[in-house]
Amino acid sequence: MTNENELRRTPLYSSHVANGGKIVPFAGWEMPVQYTGLIQEHHAVRTAAGLFDVSHMGEILVTGPEAEKLVNYLTCNDVTTLTDFKAQYNALLNEEGGVIDDIIVYRYSIDRFLICVNASNAKKDYEWITSKNTFTATVEDLSSEFGQIAIQGPKSAEILSSLPDFKGVENLSYFTFTSREVKGSPVVVARTGYTGEDGFEIFVPWNDTSALWEELRTAGDVQLCGLGARDTLRLEAAYPLHGHELGEDISALESGLGWIVKLNKGDFIGRDALLKQKEAGLKRALIGFTLEGAGIARHGDEVYVGDTRIGIVTSGTKTPTINKALGLALVEKAHAVPGTAINVRVRGRDIAAVTVKPPFYSALKKK
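Not measured: the values here are computed from a predicted model.

(A) Geometry of the overall build of the protein. What the protein contains, in helices and strands, is 8 helices and 20 strands. Computed over its C-alpha atoms, the radius of gyration of the protein comes to 21 Å, within 12% of the 21 Å expected for a compact globule of 367 residues. Counting only C-alpha atoms and orienting by the principal axes, one finds that the protein spans roughly 65 × 50 × 45 Å. Taken across its 367 residues, the protein has 54% of its residues classed as buried. Long-range contacts, defined here as pairs at least 24 residues apart, represent 65% of the contacts in the protein between residues at least 6 apart. Of the roughly 15,900 Å² of accessible surface on the protein, 49% is carried by carbon and sulfur atoms. Taken together, the 38 basic and 46 acidic charged side chains of the protein have centroids lying 6 Å from each other.

Put into structure tokens, the structure is as follows:
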């Protein structure tokens, strides 16, 4: 019997160790934080292609006559705008409008949806979804059945489509996906990602993940990448991270997800709270910033204007492409204006900074 607190391993664990991956605990899993080094891995994704193990992510299948109604009620974006084999960035909210998790919804048909959830939230999300299922729909947790590989970067389409089983994937549009049989197994290929670059996320049966990983690892100009580069890449693109920019105590409107909150789509969990918040006016907002002085801001550092504390840093580092210390912060709405002079208190020392409109970096062009 497995101890609930025992760290889990993805189907690629042995490959990570064999190829020099530095293993760390992350969201209940043993994962590689880096291989050759964060900076080299980061630059590889921006200039060529990087390969990531994302098998720790969770997958939840919703099927049945009212599958669409259930998914639309659970989420803030409008799932009814999806057509078959389209994907959508979305979020599960609580009754107060806080973010339980940010997710990607994949529509196979009106009665079949796959939801990809964050690793640390997989069990919680499944329990939340099933607890709210008053519809004629079936909810299944398939997380243990899927491995998942991400190939990201400007050369990702060229490299993936060079494999005989993946010819034609270069024709996929951004946020669409295809389901195909590869060596007798069902595989889903989605043109999605979390780096700010073009790329693909591939859902593979758990036991077949290693074979595909080895194919991709030797397919061309590909760099194995760990969690470190994944974080600096997503921060440059200003993609939110649950537990940092997103949380159940931060509303979807405050956390910068207003663009996926469709208040006019009809009833959904958290809608009433968000309507009241919008009517009253937001008190907090997410902003980007760059440090003017020496130092690196980290999650939890306090943000000031003069002697007045106005918020906290949600994510911060020095990123390789921008080559500057930067971050995201949740601050009082009145100060969430690009160009505002602020101070970030790092280890008891105030460092001058200025607010900027995120993202810090963007290379994506919709295909």
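(B) Summary view of the packing of helix α2 (residues 38-47) against helix α7 (residues 227-236). Viewed as axis vectors pointing N to C, α2 and α7 meet at an angle of 55°, and their least axial separation amounts to 8 Å. On the basis of their axis angle, the class for α2 and α7 is oblique. As for how α2 packs across α7, the hand of that crossing is right-handed. In contact with Leu38, Glu41, His42, Val45 and Arg46 of α2, α7 contributes Gly228, Ala229, Thr232, Leu233 and Glu236. Counted by class, the contact of α2 with α7 contains 4 nonpolar, 3 polar and 3 charged residues.

(C) View of the pairing of strand β8 (residues 112-117). Within β8, 5 of the 6 residues are buried, leaving the element largely enclosed by the surrounding structure. Both strand β5 (residues 58-63) and β8 contribute to a ladder of 6 bridges, which runs antiparallel. Considered in β8, the bridge of Ile60 is made with Ile115. Relative to β8, strand β7 (residues 99-109) runs antiparallel, the two being bridged by 5 bridges.

(D) Highlighting the nonpolar core. With 36 residues, the main nonpolar core has Leu93, Tyr106, Leu257, Val261 and Leu274 as its most contacted residues. Sorting the residues of this core by element identifies β6 (86-93), β7, β8, β10 (146-152), β12 (185-190) and α7 as the ones contributing at least two each. Contact partners of Val261, with chain neighbours within four places excluded, come to Cys76, Ala252, Leu253, Phe268 and Leu274. Within the second largest apolar cluster, 24 residues are counted, among which are Tyr35, Phe166, Val189 and Trp213.

(E) Structural detail: unusual backbone geometry. At the junction of Pro358 and Pro359, the peptide bond is cis and its omega measures out at 10° in the coordinates. Tracing the chain through its elements places Pro359 in the segment after β20 (349-356). The phi dihedral of Ala27 falls on the positive side, at around 50°, and the residue is not glycine. Of note, Ala27 is situated in the loop between β2 (22-26) and β3 (29-34). At Asn323, a position not held by glycine, the phi torsion is positive, near 55°. Overall, Asn323 belongs to the exposed group, its relative accessible area being 52%.

(F) Seen up close, α7. Of all 10 residues in α7, 9 are buried; the element is thus mostly enclosed. For α7, the full list of buried residues reads Leu227, Gly228, Ala229, Arg230, Thr232, Leu233, Arg234, Leu235 and Glu236. Contact partners of the buried residues in α7: β2, β3, α2, β4 (50-53), β17 (308-319) and β18 (324-332). Immediately downstream of α7, the backbone of Ala238 shows phi near 60°, a positive value.

(G) Up close: the sheet that holds β12. One open sheet accounts for 6 strands, arranged β11-β12-β13-β10-β4-β14; its pairing is mixed. Each edge of the open sheet carries a strand with a single partner, namely β11 (177-182) and β14 (223-224). Alignment of β4 against β14, held across 2 bridges, turns out to be parallel. If you follow Leu51 over to β14, its bridge partner there is Leu224. Sitting on the sheet, helix α6 (residues 209-217) touches β4, β10, β13 (199-205) and β14, and the angle it makes with β10 is about 15°.

(H) The arrangement of the pairing of β17 in detail. With 4 bridges joining them, strand β16 (residues 302-305) and β17 adopt antiparallel strand pairing. Its bridge partner lying in β17, Val305 is registered against Thr308. Turn length for the β16-β17 hairpin, with the two strands adjacent in sequence and antiparallel, is 2 residues, and the turn residue Gly306 shows positive phi of about 65°. In this structure, β17 lies alongside β18, joined through 8 bridges in antiparallel fashion. Following the sheet pairing, Val313 is matched in β18 by Ala329. What sits between the antiparallel neighbours β17 and β18 is a turn of 4 residues, in which Asn323 has the positive phi angle 55°.

The rules behind the values
- Residues numbered from 1 in each chain as written.
- Predicted model: local features only at pLDDT ≥ 70, side-chain atom pairs only at ≥ 80, totals over all residues.
- Heavy atoms only, no water.
- Helix = DSSP H or I, 4+ residues; strand = E, 2+ residues; numbered from the N terminus.
- Rg over C-alpha atoms; globule rule 2.2 N^0.38 Å.
- Buried < 20%, exposed > 50% of the residue type's maximum accessible area, 1.4 Å probe, protein only.
- Contact = heavy atoms within 4.5 Å.
- Areas by Shrake-Rupley, 256 points an atom, 1.4 Å probe, with all protein chains shown as cover.
- Lys, Arg positive; Asp, Glu negative; His and termini not counted.
- Charge placed at Lys NZ, Arg CZ, Asp CG, Glu CD.
- Axes fitted to C-alpha atoms, helices over the stretch in contact; angles between N-to-C directions.
- Parallel < 35°, antiparallel > 145°, perpendicular 65-115°, else oblique.
- Left-handed = near helix turned anticlockwise from the far one by under 90°.
- Nonpolar A, V, L, I, M, F, W, Y, C, P; charged D, E, K, R; others polar.
- Pairing = 2+ DSSP bridges.
- Core = buried A, V, L, I, M, F, W, Y, C linked by side-chain atoms within 4.5 Å.

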